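Structural overview
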Amino acid sequence: MAEANATATLLPPPEESALGRTRRWPSPGLIAGSAILLVIIFLAAAAPLFTSYNPVALHPDQGLLPPSAQHLLGTDQLGRDVWARLLYGARIDLEVGFLAVLFPFILGTLIGCLAGYFGGWIDTVTMRAVDVILAFPFLVLVIVIVFVIGPGTRSIYIAMTVTDWVSYTWIIRGEILAAKRHEYILAARALGYSRRRIIAKHLLPNVITQAIVYSMSDIVFTILTIVTLGYLGLGVPPPTPEWGSMIADGQGFITTNWELATIPGIAVVITGIGLSLLGDGLADLLRPE
Amino acid sequence: MTEPLLSVQDLHVEIATRRGTVQAIDGLSFDVADGETLGLVGESGCGKSMTLRAILGLLPRGGRVTGGRILFRGTDLLSISKDQMRDVRGRSISIIFQEPMTALNPVIPVGAQIAEGPIAHLGYSKKAARERAVELMRRVGIPDPARRCSSYPHELSGGLRQRVMIAIALACEPQLILCDEPTTALDVTIQDQILKLLLDLQDSSGIGLIFVTHDLAVVSQVCRSIAVMYAAQIVETGTVESVFTEPRHPYTLGLLRAVPDFDKVKDMLDSIPGIPPDLVSPPAGCRFRARCSFAQPDCMTGEFPLVATGDDRTSACIHWKQCRDSVMGDPVIATGPASGQSHGTEP
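Residues numbered from 1 in each chain as written. Chains lettered and ligands numbered in written order. Predicted model: local features only at pLDDT ≥ 70, side-chain atom pairs only at ≥ 80, totals over all residues.

**Here we look at the overall build of chain A**
- Check the secondary structure of chain A and you find 11 helices and 0 strands.
- Mapped in sequence order, the helices and strands of chain A form the string α-α-α-α-α-α-α-α-α-α-α.
- For chain A, whose C-alpha radius of gyration is 25 Å, the value lies well above the compact-globule estimate of 19 Å for 289 residues.
- With respect to the principal axes defined by its C-alpha atoms, chain A has extents near 85 × 50 × 25 Å.
- Taken across its 289 residues, chain A has 40% of its residues classed as buried.
- In chain A, the proportion of contacts linking residues at least 24 apart, taken out of those at least 6 apart, comes to 69%. (Helix = DSSP H or I, 4+ residues; strand = E, 2+ residues; numbered from the N terminus. Rg over C-alpha atoms; globule rule 2.2 N^0.38 Å. Buried ≥ 20, exposed ≤ 12 C-beta atoms within 10 Å, placed from the backbone. Contact = placed C-beta atoms within 7 Å.)

**Overview of the packing of helix α2 (residues 28-45) of chain A against helix α11 (residues 259-286) of chain A**
Residues and elements named next belong to chain A.
- Relative orientation of the contacting elements α2 and α11 amounts to 140 degrees, with a least axis distance of 7 Å. Classified by the angle between their axes, α2 and α11 sit oblique to one another. Along this stretch, α2 crosses α11, giving a crossing that reads as left-handed. Across the interface between the two elements, Gly29, Leu30, Ala32, Gly33, Ser34, Ile36, Leu37 and Ile40 of α2 pack against Ile270, Thr271, Ile273, Gly274, Leu275, Leu277, Leu278, Asp280, Gly281, Leu282 and Leu285 of α11.
- Looking at side-chain class alone, the contact of α2 with α11 contains 12 nonpolar, 6 polar and 1 charged residues. (Axes fitted to C-alpha atoms, helices over the stretch in contact; angles between N-to-C directions. Parallel < 35°, antiparallel > 145°, perpendicular 65-115°, else oblique. Left-handed = near helix turned anticlockwise from the far one by under 90°. Nonpolar A, V, L, I, M, F, W, Y, C, P; charged D, E, K, R; others polar.)

**Topic: the packing of helix α9 (residues 195-231) of chain A against helix α10 (residues 243-250) of chain A**
All names here are of chain A.
- Running from N to C, α9 and α10 cross one another at 40 degrees; their axes reach a closest spacing of 7 Å. Relative to α10, α9 is oriented oblique. Viewed along their axes, α9 and α10 form a crossing whose handedness is right-handed. Here Ile226, Val227, Thr228, Leu229, Gly230 and Tyr231 of α9 come into contact with α10, specifically with Trp243, Gly244, Ser245, Ile247 and Ala248.
- Its residues assigned to classes, the contact of α9 with α10 shows 7 nonpolar, 4 polar and no charged.

**Re the domain arrangement of chain B**
All names here are of chain B.
- When its domains are assigned, chain B resolves into domain 1 (6-109 + 157-227) and domain 2 (241-328).
- Taking the mean C-alpha position of each, domain 1 and domain 2 sit 25 Å from one another.
- The interface of domain 1 with domain 2 comprises 12 residues on the first partner and 9 residues on the second.
- Take the side of domain 1 that touches domain 2: its biggest share by element is 5 residues, from strand β2 (residues 20-32). (Domains from an automatic or database assignment.)

**Topic: the pairing of strand β8 (residues 208-213) of chain B**
All names here are of chain B.
- Taken across its 6 residues, β8 has 6 buried, putting it largely inside the fold.
- In β8, alternate side chains face the same way, and those of Gly208, Ile210 and Val212 on one face and Leu209, Phe211 and Thr213 on the other are all buried.
- Alignment of strand β3 (residues 37-41) against β8, held across 5 bridges, turns out to be parallel. Opposite threonine 37, over in β8, you have leucine 209 as the bridge partner.
- Two strands pair when backbone bridges link them, and strand β7 (residues 176-180) and β8 are joined in this way by 5 bridges, in the parallel orientation. Across the sheet, the residue bridging to cysteine 179 is phenylalanine 211, located in β8.
- Crossover connection from β7 via helix α8 (residues 188-205) to parallel β8: handedness right-handed. (Pairing = 2+ DSSP bridges. Right-handed = clockwise from strand over helix to strand, strands pointing away.)

Given below as structure tokens:
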């Protein structure tokens, strides 16, 4: 007790506020973005609760029906329920969009850490590889790789990983180069920690936020890429519902049934807005002091 | 005579820069015994901090040791492998930096930063290391340690942050702690508390300390022996008491005269005229010659190694007797080192 009394004079009584813990409130954009995404994820995950139709079941006799109580958004040319295809399509697009960002995120972060921390020839080799990949138009490279391997989600993952890691390497390397000059890194070395520990525990937490913020807008971009590939017939093979192929299929009926191509397009736009708001909000929230 | 804890012998360090090769440390030798506090004093850029970095094997890019030995308990730290050196750092020798804000990782709670050493070096479990961290925080006088554990560095005051740094340095029970101006960034009342804490810890655990500073008041408060550095070399050694009352090198004399004395009102502070020499191409002869009021023609050439001047003291000045005699009639500072290490305000 005596010790507590002696030291109490050094500081004001430790009320919650005296600790000075800065809690930043999430911005309205972050709340709106998260809400939009949560709704979409919930609709996709619980799709059977919101529609009783099978998204791939064909009913040629019920083709191109207008929206009604039975078919909320009508049916396409093969009699499939558009609302059901939209919900089940969200599963594919979100899953592929997320994973196709996750793989390059991990790979790019790893390479960026090594290049930034060790420098020297590792950095030189890495950055020349980055230059080579950046020299190609991104979409052309993805299309070429998917075309060579063959359509399907696996090809999308491979193509995205091969092309997109450079963004994360670029970001993380730059951040590490700046962060490793800090005295706390010298201090960590002076305390005899291993290089792996210094990179993983001391550097990475300081630099990863930039990559996380970027990954949010990257998911939007990736979903657009998947939709583009689907539109070109290189995406997820039919009859699996997917927004890009829905737009491509609806294209032929644009003069008579414009909603077939428009509705999945609107879904893409709403998802994109949600992710962008989330990314901006996270950037504000995670920005260092 | 027992083996010293740390013995630096004729250490040479060069740093390659764009302007040429800098002789950052030029023939440095000193010993630190168990439980001893050595003050390493000198102006900015004289190689004090570089000496600490050389001991830890963490020279900046372009820097390398070109000669000498650094014996820690008889083992030459310059000849052991990188892995062995990593084990020495933090575990046997640790360091306290000047600026606790920048030397603590901003995104890791302080408790975790203290607990990391025992986990990495001593194989503690996370739970045991956390208990160890709380115990260390209590030992360095951080109030309410169990709760402070989860605070981030920016949530703590400068004094508390420096206490955290000390706790980190102590975490693996090192035998030697290098202090790189640990109190320079703190205001004087906090400075006093931190110095007192370091002395208490040293009393209770017998750790050797190397105290790098330019603050002579701090040296007089914590150190028993002192080594004065000028232009990459040690120019004078001895006990703090004897060096402060009777400097035997003109540079030491100049430093002591530059200390403001509150008992004597002066219009101007005494300062040492001129600037330190360029270490890319140091001048021949005595490096302090151009700024020295005792300089003679024989200071222009030759080597100026430390020579024993009696009373267990050394000086690099060949005219040290004149320097000593000039002080006889004109005492340098009134505030000699307080006898013992009891100086410090009550908490």
